[in-house]
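As a plain string of letters, each chain reads:
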Amino acid sequence: MNSEEEFFDAETGLESDDSCEVSFKDAIVFDSKQPANGNPTQENGVWERRKVLPAPMISRNNFSVWSILKKCIGMELSKIAMPIVFNEPLSFLQRISEYMEHTHLIHEACALSDSIERMQVVAAFAVSAVASQWDRTGKPFNPLLGETYELTRDEEDYRLISEQVSHHPPISAFHAESLKQEFKFHGSIYPKLKFWGKSVEAEPKGTMTLELLKHKEVYTWTNPMCCVHNIILGKLWIEQYGTVEMVNHSTGDKCILNFKPCGMFGKELHKVEGHIQDKRKKKQRVIYGKWTECMYSVDSKIYEAARKAEKKAGGDSKKQKQEQSAEGDDADDMPEAQETVTVIAGSTLLWRMNPQPAQSAQMYNFTAFAMTLNEMEPNMQRLLAPTDCRLRPDIRAMENGDMDTASVEKDRLEEKQRTARKERSKDEGGSGWEPILTQGPRTGSTQVDTLIGSTLTVLIYIDVLKE
């Protein structure tokens with residue numbers, strides 16, 4: 001997953017790594033309004049996940065990011081507090097769970113007997129993890145220190161739990177696992193931000209680890225770089241680029257993926273190309289496609305032959321967009337993306353992005369999966385830990401379209417945390433902040449084990465030390 005959603009990184013209000021345990025038990029806004037055209041139950045009494053948010057997003061046209069940034073020149077980017085209008089009604093912990101939207105790819109990899117075939121499907125899963133980010137230019141709410149999120153999907157055979165384990169630097173850790181003990185997926189996100197004047201570049205430091213338990217295989221990789229263009233002027237748009245190296249530590253197989261920068265005329269926009277090599281460094285398969293659309297796999301020899309033929313026949317198409325130029329130096333115009341990927345004969349489709357919901361553009365460009373992440377399922381509230389971000393009143397109010405209450409509640413929570421930190425700092429003999437150990441009943445039909453706290457802390461700090 002990518003951390004472009006942290007591109008503004010509005011301060012949560014905590015002033016140091018020390019804080020008290022966050023709790024939303026005293027939240028003013030708990031209830032979620034039902035969407036006007038959504039039904040919490042069907043006629044046969046079966047509950048169905050919602051397909052729209054309770055309220056559409058408000059227009060950002062009357063708000064200027066530059067009016068905020070111009071007052072903060074020279075400041076650390078993570079210290080800049082942005083108006084809530086630039087948020088989306090999800091916590092960053094909920095955004096992390098969007099890695100799991102295409103969990104079927106992990107199940108597919110578990111069922112394959114050939115290690116190269118498993119690697120190409122795992123590579124497709126890694127690409128799919130960033131697919132939902134396209135056009136998601138609103139930033140999620142920064143988690144408060146100690147905030148948690150739990151997600152159980154019986155129909156997809158997994159459960160996930162995440163926690164904000166550090167505030168400075170901001171580190172989020174997560175752990176997901178199959179209900180049938182087929183896989184484990186865990187990792188951390190530690191975004192490093194750079195402000196380049198017209199754009200913000202996010203380096204999502206941290207390692208993703210996928211364990212296929214049946215095959216006794218462990219895969220690791222990092223996420224690509226992300227750039228959010230036109231921070232000051234123009235339409236915001238997102239670009240992913242950089243090299244991602246995936247390693248199967250059990251077999252020695254590797255997959256090298258190149259997320260290509262769009263280039264001057266946008267020819268490479270969204271493109272991903274790479275190859276799989278065995279432990280002898282012999283190239284086995286080539287993977288290609290777009291991270292916003294689909295990924296294919298083809299034999300490396302077939303791929304090379306197709307590319308040579310393309311170069312011989314090409315030339316005229318290169319001039320199609322030569323006349324396209326920027327209207328000025330004030331904005332980086334987003335290149336027009338090609339509609340489809342040119343499929344090479346003999347290729348195998350690995351993954352295709354799910355269609356966007358009909359109302360997605362009016363609802364923060366959420367996918368169908370993202371629409372459900374902050375939903376309160378029947379009887380869920382009494383089972384959730386008080387630290388769960390579904391109980392955050394600021395996010396709930398924003399989801400319901402009440403921006404004034406959302407802003408007030410966000411300020412209230414931040415002030416509450418500042419006060420608690422000051423109280424803790426008076427105790428000179430205190431041990432400082434320690435991640436929470438959540439216990440008790442969990443959401444869904446399956447109880448979630450104690451996965452956060454010291455376990456995730458060990459994982460996250462091992463990742464940090466590796467860097």
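Just so we're clear, the structure is a prediction, and the values are computed from it rather than from any experiment. (Residues numbered from 1 in each chain as written. Predicted model: local features only at pLDDT ≥ 70, side-chain atom pairs only at ≥ 80, totals over all residues. Heavy atoms only, no water.)

Draft legend 1. Layout of the pairing of strand β15 (residues 294-299). Within β15, five of the six residues are buried, which leaves it mostly tucked inside the rest of the structure. With six bridges connecting them, strand β14 (residues 283-290) and β15 associate as antiparallel partners. The residue bridging Gly289 from the neighbouring strand is Met295, located in β15. Turn length for the β14-β15 hairpin, with the two strands adjacent in sequence and antiparallel, is three residues. Summarising the sheet, β15 and strand β16 (residues 348-352) pair through four bridges and their orientation is antiparallel. If you follow Cys294 over to β16, its bridge partner there is Arg352. (Buried < 20%, exposed > 50% of the residue type's maximum accessible area, 1.4 Å probe, protein only. Helix = DSSP H or I, 4+ residues; strand = E, 2+ residues; numbered from the N terminus. Pairing = 2+ DSSP bridges.)

Draft legend 2. Representation of the packing of aromatic side chains in the model. One pass over the full model with this rule turns up ten aromatic pairs. Ring pairing ties together the aromatic residues Tyr99, Phe125, Phe174, Phe185 and Trp221, which thus form one cluster. (Phe/Tyr/Trp six-rings, centres within 6.5 Å; stacked < 30°, edge-to-face > 60°.)

Draft legend 3. Spatial organisation of the nonpolar core. Counting residues in hydrophobic clusters, the biggest one holds 66 residues, and the most contacted among them are Phe183, Phe185, Leu210, Trp221, Met246 and Leu257. The element best represented in this core is helix α4 (residues 115-131), accounting for twelve residues. Setting aside its immediate chain neighbours within four residues, Leu257 contacts Ala123, Val127, Gly242, Thr243, Val244, Met246, Val272, Glu273, Gly274 and Ile287. With eight residues, the next largest nonpolar core counts Tyr288, Tyr296, Tyr303 and Ile344 among its residues. (Core = buried A, V, L, I, M, F, W, Y, C linked by side-chain atoms within 4.5 Å. Contact = heavy atoms within 4.5 Å.)

Draft legend 4. Region of the structure containing the pattern of salt bridges. A complete count under the given rule lists 21 salt bridges for this structure. For Glu98, the salt bridge goes to Arg95, with nearest N and O atoms at 3.3 Å. Taken as a pair, Glu98 and Arg95 share a single burial class, namely buried. For Arg390, the salt bridge identified is with Asp388, shortest N-O distance 3.1 Å. Its relative accessible area of 3% is what places Arg390 among the buried residues. A residue is classified by how much of its surface remains accessible, and Asp388, at 0% relative accessible area, is buried. Here the salt bridges do not stand alone but share partners, grouping Lys260, Glu268, Glu273, Arg307 and Glu310 into one network. (Salt bridge = Lys/Arg side-chain N within 4 Å of Asp/Glu carboxyl O.)

Draft legend 5. Representation of the packing of helix α3 (residues 104-111) against α4. Relative to each other, α3 and α4 sit at 170°, their axes nearing to 9 Å. Taken together, α3 and α4 sit at an angle that is classed as roughly antiparallel. Packed against α3, whose contacting residues are Leu105, Ile106, Glu108 and Ala109, the element α4 presents Arg118, Val121, Val122, Ala124, Phe125 and Ser128 at the interface. Here the contact of α3 with α4 is composed, by residue class, of seven nonpolar, one polar and two charged. (Axes fitted to C-alpha atoms, helices over the stretch in contact; angles between N-to-C directions. Parallel < 35°, antiparallel > 145°, perpendicular 65-115°, else oblique. Nonpolar A, V, L, I, M, F, W, Y, C, P; charged D, E, K, R; others polar.)

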